[in-house]
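# A look at the structure
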Amino acid sequence: MGIRKKLKKKICDFLLKKGIFTSTKTDINKILTFLNMVKPSSLDIENIRIGGDNDGGYVVPNDFQGIKYCFSPGVGSTFKFENELTKRNIKCFLADYSVNPKFENDLIDFDKKFIGASSNENYLNLCDWIEQKIDYENNNDLILQMDIEGDEYEVINSLNDKIIKKFRIILIEFHQLHYLFDNFMYKKINKVFKKIMKNFNCTHIHPNNSVDFVFKDKNIVIPPVLEFSFLRKDRGNKINKDLSFPSKLDRPNELTKRDIELPSCWYKTIN
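Described in the following lines is the structure provided in the data block.

### Re the overall build of the protein chain
Within the protein chain, the regular secondary structure consists of seven helices and 13 strands. For 271 residues, the compact-globule estimate of 2.2 N^0.38 gives 18 Å, and the protein chain sits close to it at 18 Å. Based on the C-alpha atoms only, the size of the protein chain along its principal axes is roughly 50 × 50 × 40 Å. Looking at the protein chain residue by residue over its 271 residues, the buried ones come to 51%. Considering only intrachain contacts with a sequence separation of at least 6, the fraction spanning at least 24 residues in the protein chain is 68%. Surface accessibility of the protein chain: about 13700 Å² in total, with carbon and sulfur atoms responsible for 46%. In the protein chain, 43 side chains carry a positive charge and 37 a negative one; their mean positions are 5 Å apart.

### With respect to the sheet that holds strand β3 (residues 69-73)
Taken together, the seven strands give an open sheet; going across it, the order is β5-β4-β3-β8-β9-β13-β10, and neighbouring strands pair in mixed fashion. A single partner strand is all that each edge strand has here, and the edge strands are β5 (108-111) and β10 (200-207). Looking at each pair of strands side by side, their axes are set apart by 15° on average, direction ignored. Two elements, β10 and strand β13 (residues 226-232), share seven bridges in a ladder whose sense is antiparallel. Paired with histidine 204 across the two strands is serine 229, which belongs to β13. Contacts between helix α4 (residues 126-133) and the sheet are confined to β3, β4 (91-95), β5, β8 (142-146) and β9 (167-174), with β3 contributing the most and set at about 140° to the helix.

### Thoughts on the pairing of strand β2 (residues 58-61)
Covered by surrounding structure in β2 are Tyr58 and Val60 together with Val59 and Pro61, the residues of both alternating faces. By the bridge criterion, four bridges tie strand β1 (residues 47-50) to β2 in an arrangement that is antiparallel. What sits directly across from arginine 49, in β2, is valine 59.

### Some details on the nonpolar core
Grouped together as the largest cluster of nonpolar side chains are 56 residues, with contacts concentrated most on Phe174, Leu177, Phe228, Phe230 and Trp266. Per-element tally for this core: the top contributor is helix α7 (residues 183-197), with seven residues. Residues within four places of phenylalanine 228 in sequence aside, it is in contact with Val38, Ile170, Leu171, Ile172, Phe174, Leu177, Phe193, Cys202, His204, Ile205 and Trp266.

### Here's the deal with unusual backbone geometry
With omega at 0°, the peptide bond leading from phenylalanine 245 into proline 246 counts as cis. The topology assignment puts proline 246 in the segment after β13. Positive phi, close to 70°, is recorded for asparagine 54, a residue that is not glycine. The backbone phi angle of glutamine 176 is positive, close to 60°, even though this residue is not glycine. Along the chain, glutamine 176 falls in the loop between β9 and α7.

### Quick word on the packing of helix α2 (residues 28-38) against α7
Direction vectors running N to C along α2 and α7 enclose 25°, while the axes themselves pass 11 Å from each other. As far as their axial angle goes, α7 and α2 are roughly parallel. The element α2 and its partner α7 pack so that their crossing is left-handed. Contacts between α2 and α7 pair Lys30, Ile31, Phe34, Met37 and Val38 from the former with Asn183, Tyr186, Ile189, Asn190, Phe193, Lys194 and Met197 from the latter. In the contact of α2 with α7, the residues fall into eight nonpolar, two polar and two charged.

The rules behind each value
- Residues numbered from 1 in each chain as written.
- Predicted model: local features only at pLDDT ≥ 70, side-chain atom pairs only at ≥ 80, totals over all residues.
- Heavy atoms only, no water.
- Helix = DSSP H or I, 4+ residues; strand = E, 2+ residues; numbered from the N terminus.
- Rg over C-alpha atoms; globule rule 2.2 N^0.38 Å.
- Buried < 20%, exposed > 50% of the residue type's maximum accessible area, 1.4 Å probe, protein only.
- Contact = heavy atoms within 4.5 Å.
- Areas by Shrake-Rupley, 256 points an atom, 1.4 Å probe, with all protein chains shown as cover.
- Lys, Arg positive; Asp, Glu negative; His and termini not counted.
- Charge placed at Lys NZ, Arg CZ, Asp CG, Glu CD.
- Pairing = 2+ DSSP bridges.
- Axes fitted to C-alpha atoms, helices over the stretch in contact; angles between N-to-C directions.
- Core = buried A, V, L, I, M, F, W, Y, C linked by side-chain atoms within 4.5 Å.
- Parallel < 35°, antiparallel > 145°, perpendicular 65-115°, else oblique.
- Left-handed = near helix turned anticlockwise from the far one by under 90°.
- Nonpolar A, V, L, I, M, F, W, Y, C, P; charged D, E, K, R; others polar.

In structure tokens, the structure reads:
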């Protein structure tokens, strides 16, 4: 991200904190509709935690039977999640142009590329990446674990239903969610979530406390960074059970910062 773009983003963030919008403010009813669409569902498949406590760990639907491959765009400082998957004999493909990690695990494959909406010198389209690595047509139960600092919207928006449905489990850290209050960005964010929710149930949401502030408007509270877990709809049935947060599996991403509990508007129906 260039200096001018970073400065513009900081100014917009500052104004948004003050309740000043750089474009039209989103109608509250639209945000309520969005929140009710993405709220987690209780399923007949339990969640487990993979990747250890704190940053790098995820709350995941416990439905791994038959899964052979995981694709993980965005590489952090720890690989506990992928290492745990390899113990289940799941091969993990990682990609990130900004790092040079070293792995001593034959079931981890790394590409020094960013994953984006299209393929070029430093970027790989997600579908192109998958087709390069596995038998694309005959593998329809993959895991996608993605943390690519805001580029997730372009990547998901570039996929069609056929590609999205290749994944059984999707784990994505979504950034800049406070821009749901900005009508221009709301349309972009809502479009991406509608594409996912068409074929998936949300099973868990966790705020990343590395960004330790929230945006509020009446009874709507939005942490800027949230980790979402999704399970394809054919893999689990909804059950009549209320969810509460934080769950017993939740842990703060950063121990040195205050934890952020998921606001109730994200998991309780509001009007």
